[in-house]
Amino acid sequence: MILGSHNTMTYLKSKSWIYNIFSCFWRCQKLDIYQQFSTGVRCFDLRVRMHNEHWVFAHGKSTLDSDADILTIIDTLNKECETCDSKVYIRLLLEINEHNSYQENSFISLCELLNEKYKNNDRIRIFECRRKYDWTQLYDFGVYPEVTQYVGSMQTKLYGKICPWLYYIFNKKRLNKMIDEIKKDNTDDNKIFLFDFIN
């Protein structure tokens, strides 16, 4: 089993002060990506879009404030893998809410670049590569893990869909027990389990 963080980069602040005020509605992680790796996370849910000719991390309409771009993050994770002889899965999503040819073509170009860079690297496994609004796959890396999500947005209760933190708080004991069991197993068997607020 592989432990994964849902909306990995949402520990970051938004570039908009308005979104920071309402961060409880979009934040899904508190630990930074390196802390997540240290706790045993081996699947990272990275969501990007093009902004001013640069790739930025995003969730919904919130653009996240980061000095590091997608290429830097994946390169760093690759180096982390070398030190502990493990593999990392990257779930790469285009965070847009409607059709946008420029965004989609840019995303495909990004995927082609990543495929060229990591095609002979068995430590980095990139998968899904979908656009968010209708879940259409835009690029295929040939990696097909089985993904299960224990996250607020996938639940039937409205409070979980609206506020990931509330879902975590109300289910903390059960979720942390599941996370601990996955950490103990932690075999690379293509079964990924995504969680909010991994600690």
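Coordinates for the structure precede this section.
Residues numbered from 1 in each chain as written. Predicted model: local features only at pLDDT ≥ 70, side-chain atom pairs only at ≥ 80, totals over all residues. Heavy atoms only, no water.

S.K.: Just to check I follow, could you spell out the overall build of the protein chain for this structure?
M.R.: Within the protein chain, the secondary structure is distributed over 7 helices and 8 strands. Radius of gyration (C-alpha) of the protein chain: 16 Å, near the 16 Å computed for a compact globule of 199 residues. Scored against the burial criterion, the 199 residues of the protein chain give a buried share of 48%. Summarising the internal contacts of the protein chain: among those between residues at least 6 apart in sequence, 69% fall at separations of at least 24. When the accessible surface of the protein chain is totalled, it reaches about 10200 Å², and 50% of it is carbon and sulfur. (Helix = DSSP H or I, 4+ residues; strand = E, 2+ residues; numbered from the N terminus. Rg over C-alpha atoms; globule rule 2.2 N^0.38 Å. Buried < 20%, exposed > 50% of the residue type's maximum accessible area, 1.4 Å probe, protein only. Contact = heavy atoms within 4.5 Å. Areas by Shrake-Rupley, 256 points an atom, 1.4 Å probe, with all protein chains shown as cover.)

S.K.: Help me understand the pairing of strand S3 (residues 54–59) in this model?
M.R.: For a regular strand, side-chain orientation follows a simple rule: the groups alternate between the two sheet faces. For S3, the buried fraction is high: 5 of the 6 residues fall into the buried class. The turn linking strand S2 (residues 43–51) back onto S3 is made up of 2 residues, and Asn52 within it adopts a positive phi angle of 50 degrees. Here S3 pairs with strand S4 (residues 62–63) via 2 bridges, running antiparallel. The residue of S4 that forms the bridge with Ala58 is Thr63. Following S3, the chain reverses through 2 residues before pairing antiparallel with S4; Gly60 in that reversal takes a positive phi of roughly 60 degrees. (Pairing = 2+ DSSP bridges.)

S.K.: So what exactly am I meant to see when it comes to unusual backbone geometry here?
M.R.: Note: most peptide bonds trans; most residues except glycine with negative phi. Not every positive phi belongs to a glycine, and Glu53 is a case in point at roughly 65 degrees. For Glu53, the location among the structural elements is in the loop between S2 and S3. Phi at Glu128 is positive, roughly 70 degrees, even though this residue is not glycine. Structurally, the position occupied by Glu128 is in strand S6 (residues 124–131).

S.K.: What is the right way to read the environment of Ile126 from this model?
M.R.: For Ile126, the location among the structural elements is in strand S6. With 36 residues separating them in the primary sequence, Ile126 and Ile90 have C-alpha atoms 4.6 Å apart. The residues contacting Ile126, other than those within four sequence positions of it, are Ile90, Leu92, Leu114, Phe141 and Val143.

S.K.: What's the story with a nonpolar patch on the surface in this structure? I'm lost.
M.R.: Nonpolar side chains collect at one region of the surface, where Trp17, Ile18, Ile21, Phe22, Phe25, Leu158 and Ile162 lie side by side and expose about 750 Å² of accessible area between them. Mapped by element, the contributors of at least two residues to the nonpolar patch are helix H1 (17–21) and helix H5 (158–162). Of all the elements, H1 adds the most residues to the nonpolar patch, at 3 residues. Within the fold, Ile18 resides in helix H1. (Patch = residues over 30% accessible without salt bridge, like charges linked within 9 Å, V, L, I, M, F, W, Y side chains within 5 Å. Salt bridge = Lys/Arg side-chain N within 4 Å of Asp/Glu carboxyl O.)

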